[in-house]
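Reading the structure
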Number of protein chains: 2
Amino acid sequence: MQTTSIGALSSETGVKIPTIRYYESIGLLDAANRSASNRRLYGPDDTRRLRFIRHARELGFEVEAIRQLLALTGDQARPCADADAIATAHLADINHKIARLSALREEVARMIAEDCHGTISECRILEALAGPCDRHHTL
Amino acid sequence: MQTTSIGALSSETGVKIPTIRYYESIGLLDAANRSASNRRLYGPDDTRRLRFIRHARELGFEVEAIRQLLALTGDQARPCADADAIATAHLADINHKIARLSALREEVARMIAEDCHGTISECRILEALAGPCDRHHTL
DNA sequence: GCTTGCTCCTCTAGTCGCTAGAGGATGTAG
DNA sequence: CTACATCCTCTAGCGACTAGAGGAGCAAGC
């Protein structure tokens, strides 16, 4: 049942070959069965699992969180409040990041808007980065 | 004129001591003068420069961008269009990150809203992560 | 059968921006 | 004089990969 090479798995899932090997090395993927010539062989289950991992990574879940989610799938009877908790914590984290980036955008945009009049010595961007108390000094 | 220890510089600027040494090692800060007993000594210029670096890092500028900004400050006559270009590129990057995180937030929020009814085997979160074509299989 | 070129293997080291720790020297206060 | 704080250098670790060396195997064309 295991006929897929690592290269085929890679193009099926969009995960690079070294990354697949890396996932194996950290235990996110089980060690693959090997062919007679020691090449890794994969089956459909591996494709699904790797797609799950990739998708979760794209959504910004950390490897540790993915490990937990995968562990949950091993226990069909367990209440999925656990998965919910992981996702909810992740959502809070996302909101936090967005808030910080938005504040940052304001600041950088303001910096650019107040731009300069020709030379570095008058540049508002560098002044803005130097901080409120340190204008007109050398860096 | 150079009387400040690394510890004092650290508490003045909020940059941790190992980080200051690290900045020196990568050339963001010049190698500090040393006391008779080989301790680093800093003056007000270092404090300003380090504050600039810290502020720019907090704003998410990468070390390489900061290096460029600092290089600009060395040439007072140069048009600050360069600084503007760096900041503008950074702003575009921030906007891109915000857009991606917002899309992500939608997806994770939807995932959570469609939550489960008791057990893992029915959990929408895990299904959502498995992707559109891979529901109801083992991972 | 042989060569060419692709894929695969393992292993090590590099990326970024720090952070932590070992092990030792020096400075300061009581 | 004894603590203890602060400093020094050096090495290794973090997360999540990525890149490269050096070698083996495999499939296709001649």
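See the structure shown above.
Residues numbered from 1 in each chain as written. Chains lettered and ligands numbered in written order. Predicted model: local features only at pLDDT ≥ 70, side-chain atom pairs only at ≥ 80, totals over all residues. Heavy atoms only, no water.

Looking now at the protein's contact with DNA strand D. Around DNA strand D sit 18 residues, and of these Tyr23 and Arg57 of chain A together with Gly7, Arg21 and Arg40 of chain B come closest. Backbone atoms, meaning sugar plus phosphate, form 81% of the atoms of DNA strand D positioned within 4 Å of the protein. The separation between a phosphate oxygen of DNA strand D and a polar side-chain atom of Thr19 of chain A is 2.9 Å. Arg39 of chain B is positioned with one of its side-chain polar atoms (N or O) 3.1 Å from a base oxygen of DNA strand D. Breaking the surface near DNA strand D down by element, the ones donating at least two residues are α2 (17–25) of chain A together with α1 (6–13) and α2 (17–25) of chain B. Looking at the surface near DNA strand D residue by residue, the class counts come to five nonpolar, five polar and eight charged. (Near = heavy atom within 4 Å. Polar contact = N/O pair within 3.5 Å; in protein donor to acceptor, adjacent residues only side chain to side chain. Helix = DSSP H or I, 4+ residues; strand = E, 2+ residues; numbered from the N terminus. Nonpolar A, V, L, I, M, F, W, Y, C, P; charged D, E, K, R; others polar.)

A word on the protein's contact with DNA strand C. Inspection of the region around DNA strand C gives 18 residues, with Gly7 and Arg21 of chain A together with Tyr23, Ser37 and Arg57 of chain B positioned closest. Here the atoms of DNA strand C within 4 Å of the protein split so that 82% fall in sugar or phosphate, with bases taking the remainder. Separating a phosphate oxygen of DNA strand C from a side-chain N or O atom of Arg21 of chain A is a distance of 2.3 Å. In the model, a phosphate oxygen of DNA strand C is placed 2.9 Å from a nitrogen or oxygen of the Thr19 of chain B side chain. Within the residue set of the surface near DNA strand C, elements represented by two or more residues are α1 (6–13) and α2 of chain A together with α2 of chain B. The greatest single-element share of the surface near DNA strand C, amounting to three residues, is contributed by α2 of chain B.

Right, let's get into α1 of chain B. All names here are of chain B. Along α1, the positions that sit buried rather than exposed are Ile6, Leu9, Ser10 and Thr13. Taken around the axis of α1, the buried residues stretch over an arc of 100°, which confines them to a single face. Buried residues belonging to α1 abut α2, β2 (40–41) and α3 (44–58). Count one or two residues on from α1 and you reach Gly14, which has phi positive near 80°. (Buried < 20%, exposed > 50% of the residue type's maximum accessible area, 1.4 Å probe, protein only. Arc of directions from axis to C-beta. Contact = heavy atoms within 4.5 Å.)

Residues and elements named next belong to chain A. Under the criterion given, the structure shown has ten salt bridges over all chains. Among the salt bridges present, the one from Arg54 reaches Glu58, with a minimum N-O distance of 2.8 Å. Here Arg54 and its partner Glu58 are both found in helix α3 (residues 44–58), four residues apart, which amounts to about one turn of the helix. A relative accessible area of 32% places Arg54 in the partly exposed class. Judged by its relative accessible area of 47%, Glu58 is partly exposed. Here the residues in one salt-bridge network are Glu24, Arg34 and Arg40, joined through shared partners. (Salt bridge = Lys/Arg side-chain N within 4 Å of Asp/Glu carboxyl O.)

So, on to the layout of surface pockets. Estimated volume of the largest pocket: approximately 310 Å³. Lining the largest pocket are Lys97, Arg100, Leu101 and Leu104 of chain A together with Glu58, Leu59, Gly60, His90, Asp93, Ile94, Lys97 and Leu101 of chain B. Elements represented by at least two residues in the lining of the largest pocket include exactly α5 (81–113) of chain A together with α5 (81–113) of chain B. At five residues, α5 of chain B tops the list of elements feeding residues into the lining of the largest pocket. Considering only residue class, the lining of the largest pocket consists of five nonpolar, two polar and five charged. (1 Å grid on protein atoms, 1.4 Å probe; cavity = no way out; pocket = protein on both sides within 12 Å on 5 of 7 lines; lining within 4 Å. Points joined across faces, edges and corners; volume = space filled by probe spheres on them.)

Time to look at the packing of α1 of chain A against α3 of chain A. All names here are of chain A. Two numbers describe how α1 lies on α3: the axes approach to 10 Å, and their chain directions differ by 45°. Between α1 and α3, the interaxial angle falls into the category oblique. Crossing hand, α1 versus α3: right-handed. On the side of α1, the interface is formed by Leu9, Glu12 and Thr13, while α3 contributes Asp46, Thr47, Leu50, Arg51 and Arg54. Considered class by class, the residues forming the contact of α1 with α3 number two nonpolar, two polar and four charged. (Axes fitted to C-alpha atoms, helices over the stretch in contact; angles between N-to-C directions. Parallel < 35°, antiparallel > 145°, perpendicular 65-115°, else oblique. Left-handed = near helix turned anticlockwise from the far one by under 90°.)

We now examine the packing of aromatic side chains. All names here are of chain A. Taken as a whole and assessed by the stated rule, the structure comprises two aromatic pairs over all chains. Where Tyr22 meets Tyr23, the ring centres are 6.0 Å apart and the plane angle is 45°; that geometry is what we call tilted. Among the residues examined, Tyr23 registers a relative accessible area of 9% and is labelled buried. (Phe/Tyr/Trp six-rings, centres within 6.5 Å; stacked < 30°, edge-to-face > 60°.)

One finds Phe61 of chain A together with Phe61 and Leu69 of chain B to be the most contacted residues of the largest nonpolar core, which totals 67 residues. Setting aside residues no more than four positions away along its own chain, Phe61 of chain B makes contact with Met111 and Leu129 of chain A together with Ala56, Ile66, Leu69, Ile86, Ala87 and His90 of chain B. (Core = buried A, V, L, I, M, F, W, Y, C linked by side-chain atoms within 4.5 Å.)

What follows is about the packing of α1 of chain B against α2 of chain B. Residues and elements named next belong to chain B. Look at α1 against α2: their axes get within 9 Å of each other, and the N-to-C directions meet at 100°. When the axis of α1 is compared with that of α2, the two are roughly perpendicular. Between α1, through Ile6, Gly7, Leu9 and Ser10, and α2, the contact on the second element is made entirely by Ile17, Ile20 and Arg21. In the contact of α1 with α2, the residues fall into four nonpolar, two polar and one charged.

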